[in-house]
Amino acid sequence: MALAVLFSVFGFQGGNVPIGVLFAVVAVSPIAFLVYAVVTKKRGPRDGRPVTPEQRRRRTLVLRVVALAMVGVVGYGVYWVVFEPKASDKALSRISDLEDGCGGALARKYFTQTAEHTGPGPHPVAMFGIWESGASHAVYPPSGTPEQWSGNKLDPHRVQLIACLDEPDDGEFITDCKFTSDSLKLYRGVYNVTVYEARTGKKLGNERVAGSAKANCPSMVYLKKGIDKLHSEPEFADYQQVLRKYVE
């Protein structure tokens, strides 16, 4: 019941009224069933005759069909709450404000304040990499790069695309990175990068991009629990190579 109430709130806040109503009904249904059961038991059979085995089987069948239908509907509701992108009303002042477009604790966000993805390029993009801790971070271009490439001074309201790196696979081994109390192996990261429309959250495509092959070890690092190795991130030119067809 508590989870149903929570998901009902998510549904209403996310603008999906049917999902909100669905979980509200799920939340009160156990109480309604108990009240019905108590009242029915007190009243007894209406005509004074006991319930036959055939009637019991029919009632059981109806209850099972209803329960199965509810499992399917509630399953979709949970999927919508956890995975379907939601509109964000967050004020936008810099590129990093679009970070939730790559997901977070719950579903991805889309930003109705951003520009519509239409017409010929350029289509300004906000790009986000991923730290070894699992947190995402904005990727900014080197100086002299056109602002549509996730530039630090790019107005987030002009952004049409959001590009997100997923957690890396292992490429080839590069080097051992030595720290004060430990050493970690550095592998070339191999990433899946997904491109979304910033305004609608619509997925436009997937690409693969490899991290740098240079033996650049960080001075310090925060690792996700259970991770005992490092991965290099892509060079900015690598991002441009795989995303150029979307941006330009």
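A quick note: this is a predicted structure, and the numbers were derived from the prediction, not measured. (Residues numbered from 1 in each chain as written. Predicted model: local features only at pLDDT ≥ 70, side-chain atom pairs only at ≥ 80, totals over all residues. Heavy atoms only, no water.)

### Some remarks on the pairing of strand β7 (residues 183–197)
Phase 1: Judged by how many residues are buried, β7 sits mostly within the fold: 11 of 15 residues are covered.
Phase 2: For strand β5 (residues 161–165) and β7, the ladder comprises five bridges, and the chain directions are antiparallel. If you follow A163 over to β7, its bridge partner there is V195.
Phase 3: Of the strand pairs in this sheet, strand β6 (residues 169–178) and β7 are connected by seven bridges, and their pairing is antiparallel. For D176, the partnering residue across the bridge sits in β7 and is K185.
Phase 4: The hairpin turn running from β6 into β7, its antiparallel successor, is four residues long.
Phase 5: Where β7 meets strand β9 (residues 229–232), four bridges bridge the pair, whose relative direction is parallel. Looking across to β9, one finds that L186 is bridged to L230.
Phase 6: Pairing between β7 and strand β8 (residues 203–210): seven bridges, direction antiparallel. Residue pairing in the sheet places N192 in a bridge with R208 of β8.
Phase 7: Linkage of β7 to β8, two consecutive antiparallel strands, is achieved through a turn of five residues, within which G201 is found at a positive phi near 80 degrees. (Buried < 20%, exposed > 50% of the residue type's maximum accessible area, 1.4 Å probe, protein only. Helix = DSSP H or I, 4+ residues; strand = E, 2+ residues; numbered from the N terminus. Pairing = 2+ DSSP bridges.)

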